[in-house]
Amino acid sequence: MSDGADVVIIGGGIAGLTVAHHLAPHRRVMVIEAEPTLAHHTTGRSAAQYLETYGGAVNQSLTLASRHFFFDPPPDLVDHDLLTRVPFLHVGGPDDRELIEAEAARAATFVPGVAVLDRDGLRRHCPVLRPEAVGWGVLEPDAMDIDVMALHQAFVRGSRRHDAVIATSRSAQRIEPRPDGWRVHTSTGPIDTHFVVNAAGAWGDVVAERAGIDPLGLTPLRRTAFTSAPATSPVGWPLVHTHVGSATLAPCYFKPEAGGQLLCSLADESPAPPGDARPNEVDVALALDHLDALTTLGLRSVRRAWAGLRTFTPDRQPAIGWEPTAPGFFWMVGQGGTGIQTAPASGALAAALIMGVDPATVRHGPTLDPAAVSPARFRA
Ligand SMILES: Cc1cc2nc3c(=O)[nH]c(=O)nc-3n(C[C@H](O)[C@H](O)[C@H](O)COP(=O)(O)OP(=O)(O)OC[C@H]3O[C@@H](n4cnc5c(N)ncnc54)[C@H](O)[C@@H]3O)c2cc1C
C-alpha cells in the first residue's frame, strides 16, 4: 500500500518549504525530510542576511521580488517583524577606490540608496575598523537581518493550513518513473505522485541520480562561521565584509548578533561532499587573523562555531524548473549563499511553473524570465 500526493517535495529546508507553502492551496502536497527535524542542514546554519546588492543579477531579482513578503508578511503566519535593520558595509583598502566605485555603480542599478564612503565615513559607521587598513567602502543602508526560523515556520504553517503533509525522518531512496508520474521509495514506504520536486540542497545531484537523471553539476561549498564576544558593544554596527577583489584586505566578515556577540566568518568556500558539515579550525584561525588586520577588535575566544554547505550550480545562479529529460521532475536547487533572502519569490516562481501559470501573475511572483533559472541551460 503506498501513500499518494500530487506533488512530493524532497527536502525540508527553506527551499522545500517555500514551494510547499505556495503550492499547498492548489495541490495535494507532501514534504519529506530525511532528518528528524526540519531545517537541520544549511537553512539552520546561515548568517541570516538580506542584502539586495548581493548574489548576482538573478539572485538580486529574486531578492527584490521577495521584498513584499519580508516587509509585509501575512499576519496569520508571522506575528512579529521578519527583518531587523543591519546596514551592509562592503570595504576595500586605501588602494581600492576604483574597485569600490565600480562596485557602487553596479549595486546602484538595483539599489539606488547605496553610497561610497571614504575612510572617515567607514569609521563613523564602524569605529573598530583600523584607519590604516581601510580606505573606501560601499554602504547599503537598508540591508537587514532575517529571522530565518520565523520565515521557515511561516512556510510550515502556511503549508499545514492547506493540509500539506510534512514528514520528517523519511528519506527518498529510489525514485521510479510510472506512466502518470513517479513512485518515490522512502525509508518508511513508497509514495505515488504526479510530480517530484528536488529541494534536497547539497544532495540535489544525489536525489537526481536516484531517479536515473544526470546530475546538474552542483557543488556544495563549506562555510564556517563562529561567534565571539568583543570588548566593546557592537550594537548599531553594520555587517562589514571585505571586498573579494581588494588589493590589500584579506577575506572575512563580521556582524552584530544578539547578546553583544559578533558573528564572524572567513567567507570560505571549500568543496565538500553532501553531509553534516563541521566547522574547520583552520578557517576559524585564519578568520581571526584577517579580522585582526582589519579591526582593533582583538578577538581571541570563540563561543560557538558551526559550518554549512552553500550549494552552487555551475553558473552560481539557482536552478528552478523542469528537468528537460524527465517529465514531472522539478529542480529547486543551487540556492548558494542567498537561499533565505530569495525564498519567498523562488517558491512563488516554482509553484507557478509547477501549476503551469505565468509567474508574473502570481502574488509575490518575480518578473524574472524563467529561462534565466531553468535547469535546461545545463543540458545543452
Ligand atoms: C555560513 C552560511 C551563511 C549563509 N548566509 C546566508 C545569508 O546571509 N542569506 C541567505 O539568504 N542565505 C545564506 N546562506 C545560504 C542559505 O542558508 C541556503 O541557500 C539555504 O539554506 C539553502 O536551503 P535548502 O533548503 O536548499 O537546503 P537545506 O536547508 O540543506 O535543505 C535541504 C534538505 O534536504 C534534505 N534531504 C537531502 N536528501 C534527502 C533525501 N534523499 N530525502 C529526504 N530529504 C533529503 C536534507 O536533510 C536537508 O534538510 C548561508 C549559508 C551558510 C552555510
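Note that this is a predicted model, so its numbers are computed, not measured. (Residues numbered from 1 in each chain as written. Predicted model: local features only at pLDDT ≥ 70, side-chain atom pairs only at ≥ 80, totals over all residues. Heavy atoms only, no water.)

Among the ten residues of helix α1 (residues 14-23), ten are classified as buried, and the element is accordingly described as predominantly covered. For α1, the set of buried residues is Ile14, Ala15, Gly16, Leu17, Thr18, Val19, Ala20, His21, His22 and Leu23. (Buried < 20%, exposed > 50% of the residue type's maximum accessible area, 1.4 Å probe, protein only. Helix = DSSP H or I, 4+ residues; strand = E, 2+ residues; numbered from the N terminus.)

Take the site of the ligand next. By nearness alone, 37 residues border the ligand, and Glu33, Thr43, Gln49, Gly336 and Gln341 come closest of all. Contact between the ligand and threonine 43: an oxygen atom at 2.6 Å from a side-chain N or O atom of the residue. Between isoleucine 340 and the ligand, the recorded distance is 2.9 Å, taken from a backbone N or O atom to an oxygen atom. In isolation the ligand offers 1,000 Å² of accessible surface; the protein chains occlude 96% of this area. Elements that contribute at least two residues to the shell around the ligand include exactly α1, α6 (204-210) and β18 (304-312). (Near = heavy atom within 4 Å. Polar contact = N/O pair within 3.5 Å; in protein donor to acceptor, adjacent residues only side chain to side chain. Areas by Shrake-Rupley, 256 points an atom, 1.4 Å probe, with all protein chains shown as cover.)

In terms of domain boundaries, the protein breaks down into domain 1 (3-62 + 148-218 + 314-378) and domain 2 (87-142 + 220-312). A C-alpha centroid distance of 30 Å is found between domain 1 and domain 2. Summing the contributions of domain 1 and of domain 2, the shared interface buries around 2,200 Å²; its carbon and sulfur component is 54%. Per-residue buried area on domain 1 facing domain 2 is highest for Arg45, Thr53 and Arg316; these three make up 29% of the total on that side. Put simply, domain 1 and domain 2 have two salt bridges between them. With a closest N to O distance of 2.7 Å, aspartate 276 and arginine 45 form a salt bridge. By residue number, the principal contributor to the side of domain 1 that touches domain 2 is helix α2 (residues 57-71), which donates three residues. Its residues assigned to classes, the side of domain 1 that touches domain 2 comprises eleven nonpolar, 13 polar and three charged. (Domains from an automatic or database assignment. Buried area = accessible area lost by both parts, 1.4 Å probe. Salt bridge = Lys/Arg side-chain N within 4 Å of Asp/Glu carboxyl O. Nonpolar A, V, L, I, M, F, W, Y, C, P; charged D, E, K, R; others polar.)

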